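Spelled out from the first residue to the last, the chains are:
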Amino acid sequence: MPGSMAQAFAHNFLGHSPRWYKASIVGFLILNALVLWTVGPTAAGWLLVLEFIFTLAMALKCYPLMPGGLLLIEALLLKMTTPQALYDELVHNFPVILLLMFMVAGIYFMKDLLLFLFSRLLLGVRSKALLALMFCFLSAFLSAFLDALTVTAVIISAAVGFYSVYHRVASGNDPRQDSEFGDDQHLPTLHHADLEQFRAFLRSLLMHGAVGTALGGVCTLVGEPQNLLIGHEMGWHFSEFFLKVAPVSLPVLVAGLVTCVLLEKLRWFGYGTLLPENVRAVLANHAAEDNAERTSRQRAALVVQGLAALILIAGLAFHIAEVGLIGLMVIVLITAFTGITDEHRIGNAFKDAMPFTALLVVFFAVVAVIHDQQLFTPLIQWVLALPADQQPGMLFIANGLLSAISDNVFVATIYITEVKQAFISGHMSREHFETLAIAINTGTNLPSVATPNGQAAFLFLLTSAIAPLIRLSYGRMVWMALPYTVVMGVLGWYAVSFWL
């Protein structure tokens, strides 16, 4: 009996994660205490940061909230930081938490409108290069005003919908009835070639869309969580933030869109696959039936969502309130005027945002440890000891490399806080402080497309329901993102170094 209980506890610990991963986390917990007592708090603090980055890099094995949270609970027990220091970090960054709580949920209620737009786009444009360009641009535009995670969720929902319709029709099933579409066993051999081509087509569009969220997300205050965090530290409103980062973000946006077209034309890195005509015919018939069956209430709901989107954009542009509160306003407007009054339906809107919100609290706990142990002070001092004209480029590179292997919100939080502390201490002018803030923002946003770890939208895509259906693996994502990484990283560094 004792043996079976021990096995049960071992099995339950971190669920279905591999045994080596579970053993690693337990080893980390033991090692942290030993290093703290034998070597000292600085070494233990750096070890904790590296371990937390490891949990982010291994997000596919286990969502980082649980292992990261265990590490930070231990850090609190070992007095590497205090609950009050964590609370102070949360209060200071409350606008970012509000953004994740309410803005993502607000956009959830616009999904019908956004799905309608993406569906029209896919079926209405015959040229693959033009379609890819419009997908990338529309994702960038929406991400500039909404949230990259939400835009990615919409693209994923559209792709799952398209895939399921074709798979069910090809398998002889009713596309409007729930049935298995992840198994190819019942799919006639005749359709296998079309399905493989359709998968490659969807992979390329989803990658263009995901990169588009990064291209647009870097431009505005609400495009990415770290943007709001940096803007909050700098005191920048929506329009001011846009103008400050424009010398870097806009050239990179143009270069990214050009890269999108070239990849489709040259058919490099897995791009350029066309939509099979058989698949187009199935999807077009399904869309026509949907349009014919759309009720007046559903059409009215689309109008309400469109008006709410305009109010949202105007509210952000004129900064009528904190971003999260504008998101709450959108929730109230859309639900009130579309008849969504059931508590459980409203609750579904918060499912996507709350796990990441909880993870962000763990980020801030790591930041509290870094502050209390002054871990980044020597690194920041080294960067600030460089000639002033070299500092922005070096910060861009450092943030880009760290963001690609860990998480851009985490990296941006650490660097902007440390640089602001140097500014408050009188080590730089306000103008130089703003230049470094732009370098941090663009450095965490642009080169981080290199891996799924660096961009929350990429990680969301990789762990979504569509990834196994279209055979989108970690390695394939890295390969398909490579040309974008080079273009966005090199041009971003040049712009930060010479155009600010």
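Just so we're clear, the structure is a prediction, and the values are computed from it rather than from any experiment. (Residues numbered from 1 in each chain as written. Predicted model: local features only at pLDDT ≥ 70, side-chain atom pairs only at ≥ 80, totals over all residues. Heavy atoms only, no water.)

Chemist: I'm lost on the nonpolar core in this one. Help?
Modeler: One recurring pattern in soluble globular proteins is that nonpolar side chains are buried together. One finds F198, F410 and I466 to be the most contacted residues of the largest nonpolar core, which totals 155 residues. With sequence-adjacent residues up to four places away left out, F198 is seen in contact with F162, Y163, Y166, L275, P276, V279 and L283. (Core = buried A, V, L, I, M, F, W, Y, C linked by side-chain atoms within 4.5 Å. Buried < 20%, exposed > 50% of the residue type's maximum accessible area, 1.4 Å probe, protein only. Contact = heavy atoms within 4.5 Å.)

Chemist: Help me out: how do you make sense of the pattern of salt bridges in this one?
Modeler: All chains considered together, the criterion is met by seven salt bridges. For R199, the salt bridge identified is with E196, shortest N-O distance 2.5 Å. Here R199 and its partner E196 are both found in helix α10 (residues 192-217), three residues apart, which amounts to about one turn of the helix. For R199, a relative accessible area of 0% puts it in the buried group. Of the charged contacts in the structure, one is a salt bridge between K420 and E233, with a shortest N-O distance of 3.0 Å. On the criterion of sequence distance, the pair formed by K420 in helix α20 (residues 408-424) and E233 in helix α11 (residues 225-234) is long-range, its members being 187 residues apart. Beyond isolated ion pairs, a larger network of salt bridges with shared partners links R126, E277 and R280. (Salt bridge = Lys/Arg side-chain N within 4 Å of Asp/Glu carboxyl O. Helix = DSSP H or I, 4+ residues; strand = E, 2+ residues; numbered from the N terminus.)

Chemist: I tried to follow the layout of surface pockets on my own but got confused; where do I start?
Modeler: Picture a little ball the size of a water molecule; that probe, rolled over the atoms, points out where space is still empty. Considering only enclosed or pocket space, the largest pocket measures out at about 900 Å³ in volume. Those elements that place two or more of their residues in the lining of the largest pocket are α7 (111-124), α9 (148-170), α13 (277-293) and α14 (296-317). Looking at the lining of the largest pocket, its residues break down into 12 nonpolar, eight polar and seven charged. (1 Å grid on protein atoms, 1.4 Å probe; cavity = no way out; pocket = protein on both sides within 12 Å on 5 of 7 lines; lining within 4 Å. Points joined across faces, edges and corners; volume = space filled by probe spheres on them. Nonpolar A, V, L, I, M, F, W, Y, C, P; charged D, E, K, R; others polar.)

Chemist: Sorry if this is basic, but what is going on with a nonpolar patch on the surface here?
Modeler: Taken together, the side chains of I397, L401, W493, Y494, F498 and W499 make up a nonpolar region of the molecular surface, amounting to roughly 630 Å² of accessible area. Contributing elements (two or more residues each) for the nonpolar patch: α19 (391-405) and α24 (474-498). The biggest single contributor to the nonpolar patch is α24, with three residues. Along the polypeptide, L401 turns up in helix α19. For L401, a relative accessible area of 58% corresponds to the exposed category. (Patch = residues over 30% accessible without salt bridge, like charges linked within 9 Å, V, L, I, M, F, W, Y side chains within 5 Å. Areas by Shrake-Rupley, 256 points an atom, 1.4 Å probe, with all protein chains shown as cover.)

Chemist: Teacher, can you tell me more about the side chain of T413 here?
Modeler: By the secondary structure assignment, T413 is in helix α20. When sequence neighbours within four positions are dropped, the list of residues in contact with T413 reads L229, F364 and V367.

Chemist: What is the right way to read the packing of aromatic side chains from this model?
Modeler: What characterises a pair of aromatic rings is the spacing of the ring centres plus the angle enclosed by the ring planes. By the definition in use, this model includes 16 aromatic pairs. Centroid distance F52 to F363: 5.7 Å. Interplanar angle 85°. Geometry classified as edge-to-face. Of the two residues, F52 sits in helix α3 (residues 41-57) while F363 sits in helix α17 (residues 353-373), which places them 311 residues apart along the sequence. Grouping residues by exposure puts F52 and F363 together as buried. With a centroid separation of 5.5 Å and 85° between ring planes, the pair formed by Y494 and W499 is classed as edge-to-face. In this structure W499 comes out as partly exposed when scored by relative accessible area, which is 42%. An aromatic cluster is built from W20, Y21, F28 and F54, whose rings are joined through pairwise contacts. (Phe/Tyr/Trp six-rings, centres within 6.5 Å; stacked < 30°, edge-to-face > 60°.)

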